[in-house]
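Here is how the chains run, residue by residue.
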Number of protein chains: 2
Amino acid sequence: APPEKARLCVACHGVEGLSVQPDAPNLAGQPEIYVRDQLRAYRSGKRTHEVMGVIAKPLTDAEIAELAAYYSAIAIELKKKP
Amino acid sequence: APPEKARLCVACHGVEGLSVQPDAPNLAGQPEIYVRDQLRAYRSGKRTHEVMGVIAKPLTDAEIAELAAYYSAIAIELKKKP
């Protein structure tokens, strides 16, 4: 099951981490370290975004690690060309 | 065929936009606007990264648009669970 905090991500990043907003990236299958580092950057303000800054601010290291592990584990592949 | 500038992306983001570096995101299937905005942010310095800043600095708007269109068009899907 998704981590509790993943409910904050769904509105833009989709139920399974495939983006539902034109300016939000897919999270499914993203490298775990990358996701962790971006959440930390939003939390510290090194990276800025009006929504992500607010969402990341209260996250603990454990919650960030859990979200990064969760989304990176949602496996993706290239769609087979018809 | 990939845009000429895509050769700069392959080392970290992979031949078809699936990351080959733990701290580099997948680009395949990312929303076009998101990719465009991130390249612009790296170009302007609004977003910082030691490699991406150098790569994005000389890119023109047209090259950025071409890269964003190229990578967003590489379709991805969730891997079917066995």
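1. Overview of the nonpolar core
Item 1. In this structure, Leu39, Leu67 and Tyr71 of chain A together with Leu39, Leu67 and Tyr71 of chain B are the most contacted members of the largest nonpolar core, which totals 35 residues.
Item 2. Mapped by element, the contributors of at least two residues to this core are helix 2 (32-44), helix 3 (50-56), helix 4 (61-72) and strand 1 (76-78) of chain A together with helix 2 (32-44), helix 3 (50-56), helix 4 (61-72) and strand 1 (76-78) of chain B.
Item 3. In terms of residues, this core owes the most to one element, helix 4 of chain A, which gives 5 residues.
Item 4. Setting aside anything within four residues of it in sequence, one finds tyrosine 71 of chain B in contact with Ala6, Cys9, Gly17, Leu27, Ala28, Gly29 and Gln30 of chain B.

2. With respect to helix 2 of chain B
Item 1. Counted at 1.5 Å a residue, the expected span for helix 2 of chain B with its 13 residues is 18 Å, and the 18 Å between its end C-alpha atoms agrees.
Item 2. For helix 2 of chain B, the complete set of buried residues consists of Tyr34, Val35, Gln38, Leu39, Ala41 and Tyr42 of chain B. Each buried residue of helix 2 of chain B sits inside an arc of 160° when the element is viewed along its axis, so together they form one side.
Item 3. Buried residues along helix 2 of chain B sit against helix 2 of chain A together with helix 3 and helix 4 of chain B.
Item 4. Glycine 45 of chain B lies just past helix 2 of chain B and shows a positive phi near 95°.

3. Examining the interface of chain B and chain A
Often, the extent of an interface is quoted as the loss of accessible area on bringing the components together.
Item 1. Facing the 27 residues of chain B at the interface are 27 residues of chain A.
Item 2. Carbon and sulfur atoms supply 55% of the area that chain B and chain A bury against each other, a total of about 2,400 Å² over both sides.
Item 3. On the surface where chain B and chain A come into contact, there are 0 salt bridges.
Item 4. Joining chain B to chain A, the criterion identifies 13 residue pairs in polar contact (both at pLDDT 80 or more).
Item 5. Mapped onto the side of chain B that touches chain A, the elements with two or more residues apiece are helix 2 and strand 1 of chain B.
Item 6. When its residues are assigned to classes, the side of chain B that touches chain A shows 12 nonpolar, 7 polar and 8 charged.
Item 7. In this sheet, strand 1 of chain B lies alongside strand 1 of chain A in antiparallel orientation, the contact comprising 3 bridges. Bridged to isoleucine 76 of chain A within strand 1 of chain B is leucine 78 of chain B.

4. With respect to the pattern of salt bridges
Close approach of charged atoms allows side chains of opposite charge to pair.
Residues and elements named next belong to chain A.
Item 1. Counting across every chain of the model gives 10 salt bridges over all chains.
Item 2. When the shortest N-O distance is used, the salt bridge between aspartate 61 and arginine 43 registers 2.5 Å. Taken together, the residues span a long stretch of sequence, with aspartate 61 in helix 4 and arginine 43 in helix 2 at a distance of 18 residues.
Item 3. Residue classification places arginine 43 among the partly exposed positions, given a relative accessible area of 22%.

5. As for the packing of aromatic side chains
Residue and element names in this part refer to chain A.
Item 1. Counted by the stated rule, this structure contains 2 aromatic pairs over all chains.
Item 2. Their ring planes at 70° and their centres at 4.9 Å tell us that tyrosine 70 and tyrosine 71 sit as a pair that is edge-to-face.
Item 3. Judged by its relative accessible area of 1%, tyrosine 71 is buried.

6. Comments concerning the relation of the copies chain B and chain A
Item 1. Between chain B and chain A, the superposition needs a rotation of 180° and an axial shift of 0.0 Å, giving an RMSD of 0.0 Å. Such a turn and shift between the copies fits a two-fold axis. Of every C-alpha in chain B, the one belonging to glutamate 77 of chain B sits nearest the axis of rotation, 2.8 Å from it.
Item 2. Most of the interface of chain B is mirrored in chain A: 100% of its interface residues are interface residues there too.

Parameters at a glance
Residues numbered from 1 in each chain as written. Chains lettered and ligands numbered in written order. Predicted model: local features only at pLDDT ≥ 70, side-chain atom pairs only at ≥ 80, totals over all residues. Heavy atoms only, no water. Core = buried A, V, L, I, M, F, W, Y, C linked by side-chain atoms within 4.5 Å. Buried < 20%, exposed > 50% of the residue type's maximum accessible area, 1.4 Å probe, protein only. Helix = DSSP H or I, 4+ residues; strand = E, 2+ residues; numbered from the N terminus. Contact = heavy atoms within 4.5 Å. Expected span 1.5 Å × (residues − 1). Arc of directions from axis to C-beta. Buried area = accessible area lost by both parts, 1.4 Å probe. Salt bridge = Lys/Arg side-chain N within 4 Å of Asp/Glu carboxyl O. Polar contact = N/O pair within 3.5 Å; in protein donor to acceptor, adjacent residues only side chain to side chain. Nonpolar A, V, L, I, M, F, W, Y, C, P; charged D, E, K, R; others polar. Pairing = 2+ DSSP bridges. Phe/Tyr/Trp six-rings, centres within 6.5 Å; stacked < 30°, edge-to-face > 60°. Least-squares fit on C-alpha atoms with pLDDT ≥ 70 in both.

Limitation: the analysis is restricted to geometry and does not speak to function.
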